[in-house]
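Here is what each chain is made of, one letter per residue.
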Amino acid sequence: MTDPATVAVVGQPLPDLGAGTAGRRPGVHPQLVIGAVLVGLVVVTALVSLIWTPYDPEHAGAERLLPPGAEHWFGTDRFGRDVFSQVMAGAQITLLVGLVAVGIAVVAGVPLGVLAGMRGGRLGALLMRGSDILLAFPGLLLAIVLGAVYGAGTVTAMVALGIGSIPAFARVARSGTLQVMRSDYVLAARAANRGELAIAARHVLPNIAGTVLVQCSVNFAIAVLAEAGLSFLGLGTPPPTPSWGRMLQESQQFLGVADHLAIVPGIAIATAVLGLNLLGDGLRDVLDPRLSAVSPPAEPRPKAEPVETPPASLVEPVAPRQAQEPPPALDLRDLTVRTGGGRTLLSDVTIRVGAGERVGLIGESGSGKTMTALAALGLLPDGVAATGHVGLAGVPGNLLDRGEGALARLRGREISMVFQEPMTALNPLMRVGRQVAETMTVHGAVRRTATRRAAELLAEVGLPAGAARRYPHELSGGQRQRVVLAMALANDPAVLVADEPTTALDVTVQRQVLDLMVRLVRDRGAGLLFITHDLAVVSQVCERVVVLLDGVVVEEGPVAEVFAHPRHDYTRQLLAASTLEPRATPATVDHAVAPGSAEGSSSNRMVNLRADRVDQALIRVEDVTRTYTGRGQTVHALRGVSLNVREGQRFGIVGESGSGKSTLLRIVAGLDRATSGRVTSAGVDLTGPTPPRDLGELRAVLQVVFQDPYGSLDPRMTVGDIVAEPLLNPANVRDGGPLPAYPTKRPRFAAGLRGGPAASARRDAVREMLDAVGLPLDAADRYPHQFSGGQRQRIAIARALVCRPRILVADEPVSALDVSVRRQVLDLLARLADEHALTLLLVSHDLGVVRHVCDHVAVMRDGLVVEQGPTDQVYDDPQHDYTRRLREATPLLVR
Amino acid sequence: MARHLASHVAQLAATLLVATAAIFVLLRVLPGDPAVVALGIEATPGALAAWRAEHGTDGPLLAQYLEWVGGLLTGDLGTSYVTSQELTPLVADRVQVTGILVLLGMLIALVVAVPVGTLAAVWHRNAGGVTLSAVSQVGVAVPNFLVGVLLVALFAVRLGWLPSGGWTAPVDGFGEFWRHVLLPAVALGSVQAAIITRYVRSAVLEIMREDFLRTARAKGLTFTGALMRHGLRNAGVPIVTVVGVQIASMLIGAVVIERVFAVPGLGSLLLDSVGNRDLLAVQSIVAVLVVLVVLLNFLVDLAYTVLDPRLRRAS
């Protein structure tokens, strides 16, 4: 069932399902089972009828038009043939036509779709246009036409229905392929020097197999129906071969006399189609990654921190402050939230937000902070229930006892909410002015007044005139969040709940939105419950702070006090992880590594290469531009960027979204091409169309770690296979690489045939690497979904380093991770960079991250480098105005 | 917007050109000389030549194709090889019949499917929703001609309330028209209702999970209010697609229903022409059907841009 019950189990650790099950949920899926049973029934019937039927289905031996009885279970037809035997034998032709038709469609449609998806461009477009034209000829029409030309019959029906189904398969295969090709794990495979065929075989086909299978089942059902229709029209299998459709057609003249002649084959057809459809739906549910995407296991807390819920004694008692305390605007008492399955998401959470008070609620992913907000507004998802007390000033009683209608009257008027994701929080089909006005009309305002007030509010949150007439997609993320804020404050509520309101925004925009929110809340004297993972933001926005860990409040108090003297271990640890101190003075920037020494048994080629280039830039970017054109518009992602990265340097690139930093990284990594300018990475000229051999050379020495640890690992491969993938291309395995036992005399073709080094050597290399990134050895046999975000990023780092590259390029490697894990991963990167004598190129939106890891930084904005130099210098004495703004906007943890 | 429209129209024209060429090759070129098909292999060369001259099949194939397409554009479908009838008035008459049947069937389907599918989604956790979903699942599996046969058995044969088949045009008597159109339209529409119910259900379920629906509730709408005001229009985008695809499939599927109820629609004409090996008629009817299907897809594309402001600009 595609129901949000799965949403309710957010945060539930996935049971260990063992090898071979990627994202499968345990338990029996009812639709799948019923479908399989029905389809099995039809298949068995067809098979049995090949060797046995009660009577000869084509022999007219009995009395005509007998009703169902003991002798003839389903009666006889107008010639005296046994209906039961005919229905049994009819299953044969049904299955045969369906099977062949689907077979034709799969064999023709899937490669077409995959090709169109992988190649894109003109060829892809042409293939899909062709398939679209075929869409104008439905199978039934095609069968009639082909029947007219070549004569009707079984073969014609099969071929026509098969051809008619090709577009469906081509579309499914193409959209699946496009999705896979956009994934970071394909980019990672490219970066690992894998060819197109290998990518198609190892990543694309396994990942689209599920949807193709679903389509098979659906189209099989369509073919069964169409075959029956054709037989009914007399254009299917000719008599005397039994066929369900023809039986139905022949029954027509005996309606009222022998209705069973219509009903029996009708039930047979419906059974087959129902079974196939149920099977398809069941498969879709079971294979749908969204439904099986139970959120990943929680990050393992460091050893200093007890992972289990701290005992009650550890929970800091709330200081009695009733005397000077005004009555709370929002009063959450002993709030406990449980899923239908009995899992506790929040236990006994007590939070008070005074009138005009700003309270921060801090927690990492899975801590239950969003559930707290939703419970306060009565917006908990289906299947999740709250107990305890939710009180609002001026509203008698417990909000939890109110029905949806009574709650709705309070929401948006007394208490309102700002959500995390501005891109999806607004109705895409409605102008934003109307959406703001609706907040007021819902609570009784006159339409015209509301419209005028909405325009005022939009102006108040700093949107340009005329914004009310815009649709959400015409606004930027920051602007949309302002709209949501305007909506939330339209009725001057007593309490505003903001759930990570600026997490999706750039720092400079975050700063503006935060300032605005604080000002508006202060002006209105409203209470603010501000939910975030970012301690620095809390220190700037809030007066009081509540720390949530695994659904339990572990500490609370005034921000200054808690941050200066944290009493709970977890708070201490969060604070420590949130403060990224600048990198210690780099050893020697120029010659961090003496040529040939650190890499041990480097080959002569490498020593020479290094000796030649030791003083030169390892990565040289000269006046590079990158322009994307498409759909009538042009985007200038890079507008003339120049920089040099020297051997052993740790080079950071900082910029906000749209600055071009990721584009630059891809060009340097050979994953994209510059429109103009010169790029040299590790001695490989990447300017213009690069010869594939040179590109291979680059990828043997340059590896990439991507931003999203959830998207960059193929969900259907084991961790061992993922880490080993770069080793499969022998070109990547250099002398002095990770496989010393590998016999160098071995003929090249053998290496090619075996797909690179021997499997045992690969296993050893993988094990060594997993150990180096701090993962358990048994990790190799498990699947990515069994790991937390931080662990997945470790896997991605292991994959990048398994071939011992000289350059490691990391694109926002920690932006998707929790604070406490962020630091661990950064420190791991830094340590490995030292141990492996890596040149590191790190891209981040976070100045603090770059300052923590890098010794050199380039600041990018709108496709240009506005400033670059040693990190300390740029950070402490920014020359460019933008760098200054960026620095000022970056929230600092005030302790 | 104008540019968007222009590119759509260009695509439409290209699709129609290729599709008609395919039909021409399939039905005019591949079967061989239509004169031989019409007169038999024992016909004298003279008779064949005379036949070719009469039916205009003696020129080069490209010229014949262009003449045929030109005829399609100007509404001249040619003359039947077999009956020597003008095809245009015949086809026009039959298109009307099939059109009425299909549109009425779709109307019945939508009237049932939109509320039922929405309820099935809203109630998806309780018995009512599961039952609605199961019934629609079974409904999808039933072929429409079975429904037709059963309707005839019940209402025409047993109860005798309605005729078992035949047709009366609305202009020839409105009451009689309804008596004749009701059963085939219900047969055609009921299965569609089941199919569309399933799409509506999944579209509404999808919408129920959207963030903006939660936003709407956060500003004071009840769940039902939020679904009605914000949900249904958003669910409308995928539903319009399905309606377009299903009308196209009903145009073809009507062939079978017309056979059940002996309705003189386009499908019956197509089958009769196939039976007579009247290839020019088949060619023209198929062309008309394909043009209708392609136009429907085109209209669906346009409907998107009306429903979804994100698609109004090329950006």
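Residues numbered from 1 in each chain as written. Chains lettered and ligands numbered in written order. Predicted model: local features only at pLDDT ≥ 70, side-chain atom pairs only at ≥ 80, totals over all residues. Heavy atoms only, no water.

Draft legend 1. Broad picture of the overall build of chain A. Assigned secondary structure in chain A consists of 31 helices and 19 strands. By the burial criterion, 57% of the 895 residues in chain A qualify as buried. Considering only residue pairs separated by 6 or more positions, chain A has 71% of its internal contacts joining residues 24 or more positions apart. Of the roughly 36000 Å² of accessible surface on chain A, 56% is carried by carbon and sulfur atoms. (Helix = DSSP H or I, 4+ residues; strand = E, 2+ residues; numbered from the N terminus. Buried < 20%, exposed > 50% of the residue type's maximum accessible area, 1.4 Å probe, protein only. Contact = heavy atoms within 4.5 Å. Areas by Shrake-Rupley, 256 points an atom, 1.4 Å probe, with all protein chains shown as cover.)

Draft legend 2. Inspection of the sheet that holds strand β7 (residues 527–532) of chain A at higher detail. All names here are of chain A. Strand order across the open sheet formed by 6 strands is β5-β6-β7-β3-β8-β9, with mixed pairing between neighbours. Looking at which strands have only one partner, the edges of the open sheet turn out to be β5 (415–418) and β9 (552–558). Going from strand to strand, the sheet's axes swing by 15 degrees on average, the running direction of each strand aside. Direction of pairing for strand β6 (residues 495–499) relative to β7: parallel, over a ladder of 5 bridges. Bridge pairing in β7 links valine 495 to glycine 527. With respect to the sheet, helix α16 (residues 477–489) is in contact with β5 and β6, its orientation differing from that of β5 by roughly 175 degrees. The strands that helix α17 (residues 507–524) touches are β3 (358–362), β6 and β7; relative to β7, the one it contacts most, it runs at about 155 degrees. (Pairing = 2+ DSSP bridges. Axes fitted to C-alpha atoms, helices over the stretch in contact; angles between N-to-C directions.)

Draft legend 3. Representation of the UniProt feature "transmembrane region" (unreviewed entry) in chain B in the model. Residues and elements named next belong to chain B. The feature "transmembrane region" (unreviewed entry), as annotated in UniProt, sits at residues 12–30, 100–123, 135–157, 177–200, 237–261 and 281–307 in this numbering. The span residues 177–200 carries 100% helix and 0% strand; its end-to-end C-alpha distance comes to 31 Å. Summarising residues 281–307: 100% helix, 0% strand, and an end-to-end C-alpha distance of 39 Å. (UniProt positions renumbered as here; feature names shortened; annotations may be inferred.)

Draft legend 4. Focus on the packing of helix α3 (residues 83–119) of chain A against helix α4 (residues 121–135) of chain A. All names here are of chain A. Viewed as axis vectors pointing N to C, α3 and α4 meet at an angle of 145 degrees, and their least axial separation amounts to 7 Å. With respect to the hand of their crossing, α3 and α4 are arranged in left-handed fashion. Packed against α3, whose contacting residues are Leu112, Leu115, Ala116 and Arg119, the element α4 presents Gly121, Leu123, Gly124, Leu127 and Met128 at the interface. Among the residues making up the contact of α3 with α4, the classes are represented as 6 nonpolar, 2 polar and 1 charged. (Left-handed = near helix turned anticlockwise from the far one by under 90°. Nonpolar A, V, L, I, M, F, W, Y, C, P; charged D, E, K, R; others polar.)

Draft legend 5. Region of the structure containing the UniProt feature "transmembrane region" (unreviewed entry) in chain A. Residue and element names in this part refer to chain A. Residues given the UniProt feature "transmembrane region" (unreviewed entry) here are residues 32–52, 93–118 and 130–149. With 95% helix and 0% strand, residues 32–52 has end C-alpha atoms that lie 29 Å from one another. Segment residues 130–149 splits into 85% helix and 0% strand. End C-alpha atoms: 23 Å apart.

Draft legend 6. Geometry of helix α1 (residues 2–29) of chain B. For α1(B), with 28 residues, the first-to-last C-alpha span of 39 Å sits near the 40 Å given by 1.5 Å per residue. Buried residues along α1(B) sit in contact with α4 and α5 (139–150) of chain A together with α2 (34–39), α4 (61–74) and α12 (279–307) of chain B. (Expected span 1.5 Å × (residues − 1).)

Draft legend 7. Spatial organisation of the pairing of β5(A). Residue and element names in this part refer to chain A. Here β5 shows a buried face lined by Ile415 and Met417 and a second buried face lined by Ser416 and Val418. Alignment of β5 against β6, held across 4 bridges, turns out to be parallel. Among the inter-strand pairings, valine 418 is bridged to a residue of β6, identified as alanine 498.

Draft legend 8. Spotlight on the side chain of A:Thr890. Residues and elements named next belong to chain A. Structurally, the position occupied by threonine 890 is in the segment after α31 (881–889). Separated by 2.7 Å, the side chain of threonine 890 and the backbone oxygen of leucine 886 make a polar contact. Among all residues touching threonine 890, those that are not within four sequence positions of it are Val507 and Leu847. (Polar contact = N/O pair within 3.5 Å; in protein donor to acceptor, adjacent residues only side chain to side chain.)

Draft legend 9. Broad picture of the pattern of salt bridges. Residues and elements named next belong to chain A. Going through the model one piece at a time under the given rule, you end up with 42 salt bridges over all chains. Its salt-bridge partner being glutamate 357, residue arginine 544 comes within 2.5 Å of it at the nearest N-O pair. Here glutamate 357 lies in the loop between β2 (344–354) and β3 and arginine 544 lies in strand β8 (residues 544–549), a separation of 187 residues in the sequence. Glutamate 357 matches arginine 544 in its accessibility class, with the two residues each being buried. For the salt bridge of glutamate 500 with lysine 369, the shortest nitrogen-to-oxygen distance reads 3.7 Å. A residue pair is termed long-range when its members are at least 10 positions apart, and glutamate 500 in the loop between β6 and α17 and lysine 369 in helix α12 (residues 369–377) qualify at 131 residues. Lysine 369 matches glutamate 500 in its accessibility class, with the two residues each being buried. Connected via shared salt-bridge partners are Asp77, Arg78, Arg81, Arg246 and Glu250. (Salt bridge = Lys/Arg side-chain N within 4 Å of Asp/Glu carboxyl O.)

Draft legend 10. Geometry of the UniProt feature "domain: ABC transmembrane type-1" (unreviewed entry) in chain B. In the numbering adopted here, UniProt assigns the feature "domain: ABC transmembrane type-1" (unreviewed entry) to residues 95–300 of chain B. The span residues 95–300 of chain B carries 84% helix and 0% strand; its end-to-end C-alpha distance comes to 20 Å.

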